[in-house]
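In case you want the letters, here they are:
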Amino acid sequence: MLGNSILKGRIALEPVDEATVTVVVDNSIDVFLPSGAIARRPKRAWDPAPGILRAEHGLSLMLRVRSGSRTSTVLYDAGLGSATAAHNLEVLSVEPRDLRAIVLSHGHIDHYTGLEGLVRRVGASGLPLVLHPDARRDRKIVFPDGEELLTPPPSLSDLEQDGLKVVEERGPTVLIDGAVMVTGEVERHTEFEPGFPIQYWRSPGGWAPDFAVHDDQAVVVNVRGRGLVILSACSHAGIINIIRFAQRITGVERVLAVIGGFHLTGPLFEPRIPETMDALLAIAPEVVAPGHCTGWKAIHEIARRMPNAFIQSSVGTAYEFESGAEAGPLAPSCGMTRSAP
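Residues numbered from 1 in each chain as written. Predicted model: local features only at pLDDT ≥ 70, side-chain atom pairs only at ≥ 80, totals over all residues. Heavy atoms only, no water.

### With respect to the sheet that holds strand β2 (residues 18–25)
Consideration 1: Sheet architecture is open: 8 strands sit in the order β3-β19-β2-β4-β5-β6-β7-β10, paired in mixed fashion. Here the strands that pair on one side only, and so sit at the sheet edges, are β3 (39–40) and β10 (165–168).
Consideration 2: Where strand β5 (residues 70–76) lies against strand β6 (residues 99–103), 4 bridges are found, and the strand directions are parallel. Looking at β6, one finds that Thr73 is bridged to Leu99. (Pairing = 2+ DSSP bridges. Helix = DSSP H or I, 4+ residues; strand = E, 2+ residues; numbered from the N terminus.)

Dropping the structure here:
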C-alpha cells in the first residue's frame, strides 16, 4: 500500500473513477446551505439526541476514492478537539474502520489532536500515519503584538502505543495502490508566499526561525479525464506553490478542484490575496472550496472573482467528483529539485 521516495522526477498517479471529499471538521457550519451538482450537504438535524455536527478552529477531510468496484478511504488531518472528528463521523454515519491510512498535513495542534478520539473509536492496529519529520518540532508562534502561542508537537509514541504505524517521509508518499499521493515537502517558487514568518522552533541552540514550515504537505488524486483534486490543510507552503508542485510532480496540468485552508487570514497574510487570486485565476480550477484558515476577505474575493468555481465550505459537506472527458495534455517533463530542509 505504501511507496515512497525523495522526489527526483514525475510520479504517475493511477487515475480514479470517482473521488469524494467530505469535510469532517472545519471552522464553520451552515445547515441551510443547499446541495448542488458537486456539493452534497448533510441532512438538516436539530435533535441533539442522535448528535449534531460540530465546528471548531481545525480541519479534517476524508477522501474516498473508487477505481472500478474497489473503494478506499484516507483521512487527512483530525481537527483540534480530541473527540470532534470521531463525533462528526458518527453523526455522518461514516465508518472509520474503512480507513486505509491517515495523513498529517503538518505538526500544528489544530490538525492532529482529534487523532486521539479517532484511534480510540477505530482501534487502529497497524493503520499508517504519514507525516513529515518536522511535524515533531516543538514550536511557538509570536504575533506582531508580542503575544506568544505554544504549539507542541503530537505525541507520536502515544499514537504508536494506540496502534498507529508512524511513517515519516520528506518526499512524496503514494497510497492506495498508486492512486493517492502525499506531496511531502513542497518546492517554493512564488515570491509572494514566504511561508509563516511568525513561527519559531525549539532547536538544540534555543528558539530559531521556522518560517518555511517544511512539513506542510498536501494530498493529491487524479480523477480520470478531469484532472487533479488537491487537498491542502493550511497551505503554509503557499497554495499556488502547492498547486504548481502537484502539477509538476504528476505531469497533469488540469486542476479539477482545490479544497481546504489557504492561510490568507489576518493583516499579516491578507496582502498576499491579490497575487494569489491572479495566479489562481490563471490555473483555473473547476472547483475552489476554501475553508479553515483562508479568512473571510480571501473567501469573499474568491467568491467574487471565481463565482462559477467557488463552493462554500461547511462541516458535513461531501464534494463528489466523477470521471469524465479526457483531461488536457500533460505538463512538459522537467527535472525536479527539493527545497533544503
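Now that the structure has been shown, we can carry on.
### Comments concerning the packing of helix α1 (residues 84–91) against helix α3 (residues 115–122)
Consideration 1: Two elements in contact, α1 and α3, have axes whose closest approach is 6 Å; the angle formed by their N-to-C orientations is 50°. One finds that α1 runs oblique with respect to α3. Mapping the contact onto sequence places Ala86, Leu89 and Glu90 in α1 and Gly117, Leu118 and Arg121 in α3.
Consideration 2: Tallied by class, residues from the contact of α1 with α3 come to 3 nonpolar, 1 polar and 2 charged. (Axes fitted to C-alpha atoms, helices over the stretch in contact; angles between N-to-C directions. Parallel < 35°, antiparallel > 145°, perpendicular 65-115°, else oblique. Contact = heavy atoms within 4.5 Å. Nonpolar A, V, L, I, M, F, W, Y, C, P; charged D, E, K, R; others polar.)

### With respect to the packing of aromatic side chains
Consideration 1: This model, assessed by the stated rule, comprises 2 aromatic pairs.
Consideration 2: Over the ring of Trp201 we find Arg137; its NZ or CZ atom is 3.8 Å from the centre of that ring. (Phe/Tyr/Trp six-rings, centres within 6.5 Å; stacked < 30°, edge-to-face > 60°. Lys NZ or Arg CZ within 6 Å of the ring centre and 35° of its normal.)

### Quick notes on the pairing of strand β18 (residues 287–291)
Consideration 1: The buried fraction of β18 amounts to 5 of the 5 residues, a majority that puts the element mostly inside the structure.
Consideration 2: Because side chains alternate across β18, one face comprises the buried residues Val287, Ala289 and Gly291, and the other comprises Val288 and Pro290, equally buried.
Consideration 3: As paired strands, strand β17 (residues 255–261) and β18 are joined by 5 bridges and run parallel to one another. The residue of β18 that forms the bridge with Gly261 is Gly291.
Consideration 4: Since β17 and β18 lie parallel, the crossover through helix α6 (residues 273–283) that links them has a hand, and here it is right-handed. (Buried < 20%, exposed > 50% of the residue type's maximum accessible area, 1.4 Å probe, protein only. Right-handed = clockwise from strand over helix to strand, strands pointing away.)

### Quick word on the nonpolar core
Consideration 1: Core analysis: the biggest nonpolar cluster contains 67 residues, and Val229 and Ile259 have the highest contact counts within it.
Consideration 2: Dropping the residues within four chain positions of it, Val229 is found in contact with Val21, Val219, Val220, Val221, Val223, Leu256, Ala257, Ile259 and Phe321.
Consideration 3: If you look at the next biggest cluster of nonpolar residues, it comprises 24 residues, including Val24, Leu99, Leu129 and Leu131. (Core = buried A, V, L, I, M, F, W, Y, C linked by side-chain atoms within 4.5 Å.)

### Considerations on α3
Along an α-helix, residues three or four apart share an orientation, since each turn contains 3.6 residues.
Consideration 1: Residues of α3 that are buried include every one of Leu115, Gly117, Leu118, Val119 and Val122, and no others.
Consideration 2: Where α3 is buried, its residues meet β5, α1, β6, α2 (109–112), β7 (128–131) and α4 (156–161).
Consideration 3: Looking one or two residues past α3, Gly123 carries a phi angle of roughly 70°, positive in sign.

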